[in-house]
Amino acid sequence: MNTSISKDSSRTSVSELTKTSLVAALYVAVTVVISVISFGAVQLRLSEMFNYLALYNKRYVVGVTLGVILANFMSPTWVLDVPIGGISTFLVLILCRAVTKKIANDILKMVITALIFAVSMFTVAGQLTILFDLPFWPTYLTVGIGELLSMTIGGMAIYFINKKIDLTK
């Protein structure tokens, strides 16, 4: 009987790892395919839609964070973007899960998550200010609006995907 438990546990671990890796890979792929608009002071990183997955299952906090770290190696600001973007994404995903935990309405959860992520774009604006001497406030505004737009478009996609596929599993 112990072998069966170990086998099931192993199967679960492989399944968890596979789902986590798939999300990280999808994040990187979507970012790279549209890399021309994924980086810079004006950006529309549609891969940010995967941030919503963390609301459905905590495993995706790791998957999305790994995807961000790997994608950010392609950023012109990678030297700051890899560590700051990775840490920021991880912390904001945890914050979003905590803030929306007791909210039952998926749309409200997504709106709150989109707003939190848009506000968190001061990290990107700060990097662009430091590395390219861009003005902070206008850069923060454009990056924040881009994030809000990305999260809105992506949120609609994830919302409808969740209607067909149970993302909590």
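Definitions and limits used
Residues numbered from 1 in each chain as written. Predicted model: local features only at pLDDT ≥ 70, side-chain atom pairs only at ≥ 80, totals over all residues. Heavy atoms only, no water. Buried < 20%, exposed > 50% of the residue type's maximum accessible area, 1.4 Å probe, protein only. Helix = DSSP H or I, 4+ residues; strand = E, 2+ residues; numbered from the N terminus. Expected span 1.5 Å × (residues − 1). Contact = heavy atoms within 4.5 Å. Polar contact = N/O pair within 3.5 Å; in protein donor to acceptor, adjacent residues only side chain to side chain. Axes fitted to C-alpha atoms, helices over the stretch in contact; angles between N-to-C directions. Parallel < 35°, antiparallel > 145°, perpendicular 65-115°, else oblique. Left-handed = near helix turned anticlockwise from the far one by under 90°. Nonpolar A, V, L, I, M, F, W, Y, C, P; charged D, E, K, R; others polar. Salt bridge = Lys/Arg side-chain N within 4 Å of Asp/Glu carboxyl O.

Student: Before we move on, could you go through unusual backbone geometry and cite the residues and values that matter?
Tutor: Glycine aside, residues mostly have negative phi, and peptide bonds are mostly found in the trans state. Backbone geometry places aspartate 133, a non-glycine residue, at a positive phi of 55°. For aspartate 133, a relative accessible area of 68% translates into the label exposed.

Student: Explain helix α5 (residues 106–119) to me, using residue names and the numbers behind them.
Tutor: Because an α-helix packs 3.6 residues into every turn, residues spaced three or four apart end up facing the same way. For α5, spanning 14 residues, the distance from its first C-alpha to its last is 20 Å, which sits close to the expected 20 Å at 1.5 Å a residue. Among the residues of α5, Lys109, Met110, Thr113, Ala114, Ile116, Phe117 and Ala118 are the ones counted as buried. Residues of α5 that are buried in the fold lie against α2 (53–56), α4 (78–100) and α7 (136–164). The N-capping residue of α5, defined by a side-chain oxygen 2.8 Å from the backbone nitrogen of isoleucine 107, is asparagine 105.

Student: I'd love a proper account of the packing of helix α3 (residues 59–72) against α4, names of residues and values included.
Tutor: The contact between α3 and α4 brings their axes to 8 Å, and the two run at 160°. Put simply, α3 runs roughly antiparallel to α4. For the pair α3 and α4, the sense of crossing is right-handed. Two secondary-structure elements touch here, α3 through Val61, Val64, Thr65, Val68, Ile69 and Asn72 and α4 through Trp78, Asp81, Val82, Gly85, Gly86, Thr89, Phe90, Leu93, Ile94 and Arg97. Taken together, the residues that form the contact of α3 with α4 break down as nine nonpolar, five polar and two charged.

Student: Lay out the pattern of salt bridges in plain terms, naming residues and giving numbers.
Tutor: Using the criterion set out here, one finds one salt bridge in the structure. In this structure, the salt-bridge partner of arginine 59 is glutamate 16, at a minimum N-O distance of 2.9 Å. Placement of arginine 59 in helix α3 and of glutamate 16 in helix α1 (residues 2–33) is noted, with a sequence separation of 43 residues between them. Accessibility expressed as a relative area gives 29% for glutamate 16, which makes it partly exposed.

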